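Spelled out from the first residue to the last, the chains are:
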Amino acid sequence: MNNSGLRNMTEGSVSRHLILFALPLFAGSVLQQLYNMVDSWVVGNYVGDGALAAVGACYPVSFLIIALFMGISTGGTVIISQNFGAEKMQEVRDTIDSLYTAILCTAVPVTVLFLLLADSILALLHIKASYYAEARIYLLIVSAGMIGTVGYNTNAGILQGLGDSKTPLLFLSIAAVLNTILDLISVLVLNMGVIGVALSTVIAQLISWLFGIFYINRKYGDLAIRPLRFRCKKRLLFDVLRIGLPAGLQQATVAFGMIFCVAKINSFGEAYTASYNVGNKIDNFAWLAIQSLSIAVTSFVGQNVGAGKYDRVKKGIRTVITLVLICCAFFMAIIIPLRHEIVGFFSKNPNTIAAGGEYLWYVMWGYPMLAVLFCLNSAMRGAGESFFPMVCTVFSMIVTRLPLIYYIADHYGPHKMYLSYDIGWAFGFVAVLLYYFSGRWKRHGSSRSAASGG
């Protein structure tokens, strides 16, 4: 097997490993957000605010579709990284087979379920009649093409567990270039509107997934992916699901909660819906560096837990917290004062610009708390602790935020409703600090090391 792209993070400089692992993830995430922004820019400038609102309204639904699978992929990343750190390559191979079996056996029925529920979901979102038809067709196409996104994330999770964060960048680059080209052709040349944007995304992700399988099989022959092999090792699948299902349920629950948040936002009209779509994309763009570092610390902790090196685990967590706080300060300094100008790049509607500025004002001030919350949860998940991160995230982003966004919007107006984000993150921030310093999150990693003789 060609090991040149794999990174063993159990030796050497902690900060160097984290930064070098995170950089390709960051570059890939920038590409992904850029082509998502291309969608919004093309739709907002050449189709209209109604179409922009339609795409934005469907975002939490499309995220809900793949959330469970992303969680299972995360479970695969952790188990692969722990076995790779323990130098158990046969266990790595068996985990890959088990992971793909689990993903493919559930992807088709979940896709069918969401296609059948599309109208009910749109009704739940309180989609306005002015852009209902566009939202419906966008949701149906994206739901039908879900397998491409799921497959890409599965391939990326496997490689990240092995310490390879560069190769997923190649897969994503293919998707980004294809999506941008197809967007421009379908909307500007073929006048396909929202249908063209949705088809462009699905086609690009599908090609990226299939190319990823071909590339991994060619470069890492001993770890070849055989999607239709359906070979599963029950013990390893249980380990993957033990970590992955809580992570997936967490993301799915958050996405489901976002549907109710977006329903409230939609109730204030097209400008608020469009502004949420734009503001959310800008917010996500700023989040990329923090997200990349959190993925890096998951793999870093997983490998070092597998090797039984808990001093390096603690040092890695301290290092990544420092790095994400620096990132927060940088993006807050840019986005907060320029928030209206940035939103104005996507829409010329003054109401959309004002509403988008309100979103960014509240969200960006809460970023440091969210960054620490997110990275500590990711680190604990890398050690095999998956239940607390799920509970903490659901409590802060659903149990606290959801009632608050309705209460604040109804009593103080929609211009202040995003304060609910900051309050929810503050509760989660306090909870994760208390749990982390209690040390209870180490028990899963410790039992795994003991069982393997580590």
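That block above? That's the structure.
What you see is a predicted model, and the numbers here were worked out from it, not measured in a lab. (Residues numbered from 1 in each chain as written. Predicted model: local features only at pLDDT ≥ 70, side-chain atom pairs only at ≥ 80, totals over all residues. Heavy atoms only, no water.)

Enquirer: Lay out a nonpolar patch on the surface with the relevant residues and their values.
Expert: The grouping of Val 177, Ile 181, Leu 184, Ile 185, Leu 188, Val 189, Leu 190, Met 192, Ile 195, Leu 199, Ile 203 and Ile 207 at the surface amounts to a nonpolar patch, some 950 Å² of accessible area in total. No other element matches helix H7 (residues 167-189), which puts six residues into the nonpolar patch. By secondary structure assignment, the location of Leu 188 is in helix H7. A residue is classified by how much of its surface remains accessible, and Leu 188, at 38% relative accessible area, is partly exposed. (Patch = residues over 30% accessible without salt bridge, like charges linked within 9 Å, V, L, I, M, F, W, Y side chains within 5 Å. Areas by Shrake-Rupley, 256 points an atom, 1.4 Å probe, with all protein chains shown as cover. Salt bridge = Lys/Arg side-chain N within 4 Å of Asp/Glu carboxyl O. Helix = DSSP H or I, 4+ residues; strand = E, 2+ residues; numbered from the N terminus. Buried < 20%, exposed > 50% of the residue type's maximum accessible area, 1.4 Å probe, protein only.)

Enquirer: Hey, could you go over the side chain of Thr 319 for me, with residue numbers and the actual values?
Expert: Structurally, the position occupied by Thr 319 is in helix H11 (residues 310-335). Note on Thr 319: relative accessible area 19%, which makes it buried.

Enquirer: Tell me what's going on with the environment of Ser 173, and back it up with residues and numbers.
Expert: Looking at the secondary structure, you find Ser 173 in helix H7. For Ser 173, a relative accessible area of 23% gives the class partly exposed. Sequence separation of Ser 173 and Leu 31 is 142 residues, and the distance between their C-alpha atoms is 6.7 Å. Within the structure, Ser 173 has its side chain in polar contact with the backbone oxygen of Leu 169 (distance 2.7 Å). (Polar contact = N/O pair within 3.5 Å; in protein donor to acceptor, adjacent residues only side chain to side chain.)

Enquirer: Break down the nonpolar core for me, with residues and values.
Expert: Of all hydrophobic cores here, the largest spans 73 residues; its most connected members are Ile 290, Val 301 and Ile 317. Counting only elements with at least two residues in this core, the list comes to helix H1 (14-46), helix H9 (234-266), helix H10 (270-306), H11, helix H13 (350-365), helix H14 (367-382), helix H15 (387-412) and helix H16 (419-438). It is H10 that contributes the most residues to this core, 14 residues altogether. Formed by 50 residues, the second largest nonpolar core is a distinct cluster that contains Val 78, Met 146, Ile 213 and Ile 216. (Core = buried A, V, L, I, M, F, W, Y, C linked by side-chain atoms within 4.5 Å.)

Enquirer: I'd love a proper account of the packing of H10 against H11, names of residues and values included.
Expert: In contact at an axis separation of 10 Å, H10 and H11 are set at 175° when each is read in the N-to-C sense. Our classification of the angle between H10 and H11 gives roughly antiparallel. For the pair H10 and H11, contact is made by Ile 282, Ala 286, Ala 289, Ile 290, Leu 293, Val 297, Phe 300, Val 301, Asn 304 and Val 305 and by Tyr 310, Arg 312, Val 313, Gly 316, Ile 317, Val 320, Leu 323, Val 324, Cys 327, Cys 328, Phe 331 and Ile 335, respectively. Looking at the contact of H10 with H11, its residues break down into 19 nonpolar, two polar and one charged. (Axes fitted to C-alpha atoms, helices over the stretch in contact; angles between N-to-C directions. Parallel < 35°, antiparallel > 145°, perpendicular 65-115°, else oblique. Contact = heavy atoms within 4.5 Å. Nonpolar A, V, L, I, M, F, W, Y, C, P; charged D, E, K, R; others polar.)

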